[in-house]
Amino acid sequence: MSEEKHKDNNSRRRFLKLGLLAGAGTVATGALLATGKSHAEGSGETVKVLTTSGEVMEVDKNFLTLAPVDRKESHEGIPGRKFVMVIDLAKCKNARKCVESCQKGHNLPKGEEFMKVYLMQDSEKSAPYWFPKPCYHCDNPQCVSVCPVGATYKRSDGIVLIDNERCIGCKFCMTGCPYSTRVFAWKHEEAFDSKQPYSPEKGVPGVEGTVSKCDFCPDLAREGKLPYCASACPMGVIFFGDIDEDVVTNGVDTFKFSELIRDRAGYQYLENLGTRPNVYYLPPVDRQFPVDRGYESLDEDIKARYDNTPYVKNRKNKEKKS
Amino acid sequence: MSKTTTDDLMREFAPQLEHTGLKGKIWIALLFTLVLLGIFALYWQVSRGHIVTGMRDNVVWGVYIVNFIFFMGISYAGALISGTLHLFHAEWRKPIIRMAEFITVISLLIGPLYIMLCIGRLDRLPNLILFGRIQSPITWDVIAISTDIIGCFIFLYLAVLRDLGKLRDFSELKVPSWQKKLYKILALGYEGKPEQQIRLKRATDIMAGMVIAIAIIVYSVLAWIFSVTLQPGWHSTIFGPYFVIAAVYSGSGVLIVAMYVFRKVYHLEKHITVKHFINVGVIMLVLAAFFGYFTFSEYLTKWYGSEKNDEQLIRILFKDYYFFFIFSNYVGVLMPLIVVGFKKLRTINNITITAVVVIIALWMNRYLIVVPTLESPYLPIQDARAAWAHYSATWVEWTLTLGGVASFCLFFTLASKLIPIVQVSELKEEPKEPADIYLR
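Cut-offs applied
- Residues numbered from 1 in each chain as written.
- Chains lettered and ligands numbered in written order.
- Predicted model: local features only at pLDDT ≥ 70, side-chain atom pairs only at ≥ 80, totals over all residues.
- Helix = DSSP H or I, 4+ residues; strand = E, 2+ residues; numbered from the N terminus.
- Rg over C-alpha atoms; globule rule 2.2 N^0.38 Å.
- Buried ≥ 20, exposed ≤ 12 C-beta atoms within 10 Å, placed from the backbone.
- Contact = placed C-beta atoms within 7 Å.
- pLDDT = per-residue confidence, 0-100.
- Pairing = 2+ DSSP bridges.
- Axes fitted to C-alpha atoms, helices over the stretch in contact; angles between N-to-C directions.
- Expected span 1.5 Å × (residues − 1).
- Arc of directions from axis to C-beta.
- Core = buried A, V, L, I, M, F, W, Y, C linked by C-beta atoms within 7 Å.
- Bend = angle between axes of the 7 residues up to and from the residue.

### Brief notes about the overall build of chain B
Link 1 in the chain: Summing up its helical and strand segments, chain B has 17 helices and 0 strands in all.
Link 2 in the chain: Over its C-alpha atoms chain B spans a radius of gyration of 23 Å, differing by no more than 12% from the 22 Å that the globule rule assigns to 440 residues.
Link 3 in the chain: Its C-alpha atoms give chain B principal-axis dimensions of about 75 × 50 × 45 Å.
Link 4 in the chain: Classification of the 440 residues of chain B by burial places 47% in the buried group.
Link 5 in the chain: Put simply, of all contacts in chain B between residues at least 6 apart along the chain, 84% involve residues at least 24 apart.

Here's what the structure looks like:
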């Protein structure tokens, strides 16, 4: 049984790999045209890609570095995709690799994060657990509804993006989002001076006085890669995939999305608000790590961020008594 | 006969247009300095980014939005109070109606500036038009406020037109020649001919009705900016009417204070009597009762139902904002009820002090609507810099607040130097019945 499942898994992984590679190939050929001149020098290393016509082609590795899609194209969404994320709370130990990798990937200044890890405790007697929170890329996004200039928009692939070159910084979307997902560039950062061409898909370089947030890394998806958070997580907490293809993967394990949600009682957070999030959580059952470990291993300045949680308050009271 | 009376009145009010005393000059200079300080603070904020304010990722709107709601609120003084009094032909309104309309137009010019201060990229403001989305309540607001400004300005202008004609024709007026020319241009050839009077009367009646309607829409739209979001303290069905009532309430307070100040400064004791204070005071009392009722229903339902997030909000309100809450929602409601409610307490001074308390209470009420809600989102404020969890306004925000109040006073003072603060022509000249005009 388990062998069969393993085999099944394996074949699915192979399928997925091919799919992702195909995705990369289609884009790469497009990119070849776009960036062929600027990347005239090849590296000598070649990679096999699948073209749109189904042929396998060898392409120089340098040509695979994709030019970011422009603002207009970034409004469309990747054709035929509908992205979804599943976060397995049972495995999260607040290693914070998702946070760090996301910050690095998006060139975020220190102390500003798209991904946050909450120390949740649903009620007084219930057990605390770590709760990574990206943007939920809702199907009924309040932020998009309230934006006065269409600077934040919903794409065909389900991703909600922000165009930092149009955003006027009114922050209405920040009050509109019930999940406190969005961050504001309160001042000019050095990282904003980067010369690389701006694309809403990358969100880099940032722009002072505008809003930004987790973007599900569509630029990586175009390359067939997982988002920064998913690939950085040492515990494989974060699964990313396509809800129409019914598949999610954390890079190691691949599941049928519907089966995973069914078997592990997946849920959406505060879905009663009618936002229809595209991020699902698997409940924190049979946890592999105690919550304490995720707290004790933190640096002092990060620890301070959890000071107002009941868990930390209890902990400090106990320390005082003993 | 009636002509001499108007000339007498002109003679009485001419000094406020002709001279500015030393005290007046110092006052104007002081206000001007405060406005300059505000401009400096604005420069500071624009050059250094919004980091110089107390606003952060959780509390994204602070004192600026509070001031915005506040100034939009007091603009109701003219729109609803003077509009309504006009339509009901309340004779006693005449000496105070001009002030009310000044308050409206001036606060309408200042209010929207505060929403600009919240905007991170002022250079991209044209996007509101270029890429405007009608689905967004901000777009509704842009449309509503600009309509309101135009409407209220026309209403004020129609009311001022007769006086401008008088000022142009009054030969004894000793003002610089540019000012006379200005009167001549602005008077638009109004000479008080019967057909002109009829036209003016009709236009004023229409505009009085319009500004009432527009004002209600504007303030409801403003309330919807908050109540269309899902935030626990904002997502409320009564916010529209609640905001409208709170706005007229604050407008009546500001009107009383303006009456008091101008009565003292320009010696208008003969025209503005205790009767006016009591009448506007009674309006304020009725509004206080409404306001108290709305506030009570709003918080009662939240507290009684005690949904998790509402409970959290109520806890913050009664813990961190205890003083604010008591002052704005208890003192601010009960004081007018008591002071105006008991005949013995109805003196000019008492009513004015009450009005000042009401104004402050309503400012605080808006603060309580904006800030504590943002401090208690659905997801607890965690994993963010601890200093970012709570909002406290910085010197930049306070200076700009002060600058806004100062510019309100400054514009008001300057306006009273240009046009008599009391409607001269209508005091004696208006026919007793509207039919007198139409049937002439």
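### Side note on the environment of B:T147
Residues and elements named next belong to chain B.
Link 1 in the chain: Within the secondary structure, T147 is located in helix α7 (residues 137-169).
Link 2 in the chain: On the basis of neighbour count, T147 is assigned to the partly exposed category, with 14 C-beta atoms found within 10 Å.
Link 3 in the chain: Each C-alpha atom of the pair T147 and G73 lies 16 Å from the other, and the pair is 74 residues apart in sequence.

### Observations regarding the confidence of the model for chain B
Link 1 in the chain: For chain B, per-residue confidence averages 87 on the pLDDT scale, and residues scoring 70 or more make up 94% of the total.
Link 2 in the chain: Both scores are given for the predicted complex: the pTM is 0.86, the ipTM 0.87.

### Focus on the sheet that holds strand β12 (residues 254-256) of chain A
Hydrogen bonds between backbone atoms are what pair the strands of a sheet, whose relative direction is either parallel or antiparallel.
All names here are of chain A.
Link 1 in the chain: Pairing in this open sheet of 5 strands is mixed, and the strands run β12-β11-β10-β3-β13 from one edge to the other. Of all strands in the sheet, those bounded by a partner on one side alone are β12 and β13 (279-282). Across this sheet, the average inter-strand angle for adjacent strands is 25 degrees, counted without regard to direction.
Link 2 in the chain: Summarising the sheet, strand β3 (residues 83-88) and β13 pair through 4 bridges and their orientation is parallel. Bridging from a neighbouring strand, D88 pairs with L282 of β13.

### Quick notes on helix α12 (residues 308-319) of chain B
All names here are of chain B.
Link 1 in the chain: Between its first and last C-alpha atoms α12 spans 16 Å; for 12 residues at 1.5 Å apiece the expected length is 16 Å, and the two agree.
Link 2 in the chain: For α12, the full list of buried residues reads N309, L313 and L317. Down the axis, α12 shows its buried residues gathered within 80 degrees of arc, on one side only. Facing away from the buried surface of α12 by more than 90 degrees, the exposed residues are K308 and K319.
Link 3 in the chain: Structurally, α12 contributes buried residues whose contacts are with α11 (274-305), α13 (322-341) and α14 (348-375).

### Here's the deal with the nonpolar core
Link 1 in the chain: One finds A:V86, A:I238, B:M99, B:I103, B:Y249, B:L255 and B:M284 to be the most contacted residues of the largest nonpolar core, which totals 199 residues.
Link 2 in the chain: Filtering out sequence-adjacent residues up to four positions away, A:V86 remains in contact with A:F239, A:V248, A:F257, A:L260, A:G266, A:Y280 and A:L282.

### Side note on the environment of A:E113
All names here are of chain A.
Link 1 in the chain: Tracing the backbone through its elements, the reader meets E113 in the loop between α2 (97-105) and β4 (116-120).
Link 2 in the chain: On the basis of neighbour counts, which here come to 22 C-beta atoms within 10 Å, the residue E113 falls in the buried class.
Link 3 in the chain: Sequence separation between E113 and N308 is 195 residues, and the spatial gap between their C-alpha atoms is 19 Å.
Link 4 in the chain: For E113, the contacting residues outside a window of four places in its chain are V99, C102, Q103 and L108.

### Focus on the pairing of strand β5 (residues 129-133) of chain A
Residue and element names in this part refer to chain A.
Link 1 in the chain: When you tally the buried positions in β5, you get 5 out of 5 residues, the bulk of the element.
Link 2 in the chain: On β5, burial covers both faces: Y129, F131 and K133 on one face and W130 and P132 on the other are all buried.
Link 3 in the chain: Here 5 bridges tie β4 to β5, and the two strands are oriented antiparallel to one another. By the bridge assignment for β5, K116 is matched with K133.

### Things to note about helix α5 (residues 94-117) of chain B
Residues and elements named next belong to chain B.
Link 1 in the chain: When the terminal C-alpha atoms of α5 are compared, their 37 Å separation across 24 residues agrees well with the 34 Å that a helix rising 1.5 Å per residue should span.
Link 2 in the chain: Largest kink in α5: about 25 degrees, centred on S107.
Link 3 in the chain: Of all 24 residues making up α5, 20 are buried, and the element is well covered by its neighbours.

### Brief notes about unusual backbone geometry
Residue and element names in this part refer to chain A.
Link 1 in the chain: The linkage connecting V204 with the following residue, P205, adopts the cis geometry, with an omega of -5 degrees.
Link 2 in the chain: Mapped onto the secondary structure, P205 falls in the loop between β8 (183-184) and β9 (211-212).
Link 3 in the chain: Notably, S180 is not glycine yet its phi reads approximately 50 degrees, a positive angle.
Link 4 in the chain: Among the structural elements, S180 can be located in the loop between α4 (172-176) and β8.
Link 5 in the chain: Overall, S180 belongs to the buried group, with 22 C-beta atoms counted inside 10 Å.

### Examining the interface of chain A and chain B
Link 1 in the chain: Taken residue by residue, the interface counts 41 residues in chain A and 37 residues in chain B.
Link 2 in the chain: Breaking the side of chain A that touches chain B down by element, the ones donating at least two residues are β4, α3 (142-146), α4 and β8 of chain A.

### Topic: the environment of B:P372
Residues and elements named next belong to chain B.
Link 1 in the chain: Here P372 is to be found in helix α14.
Link 2 in the chain: In the structure, P372 is positioned 139 residues away from G233 in sequence and 8.1 Å away in space, judged by C-alpha atoms.
Link 3 in the chain: In contact with P372, not counting residues within four places along its chain, are G233, L313, I316, L317 and Y321.

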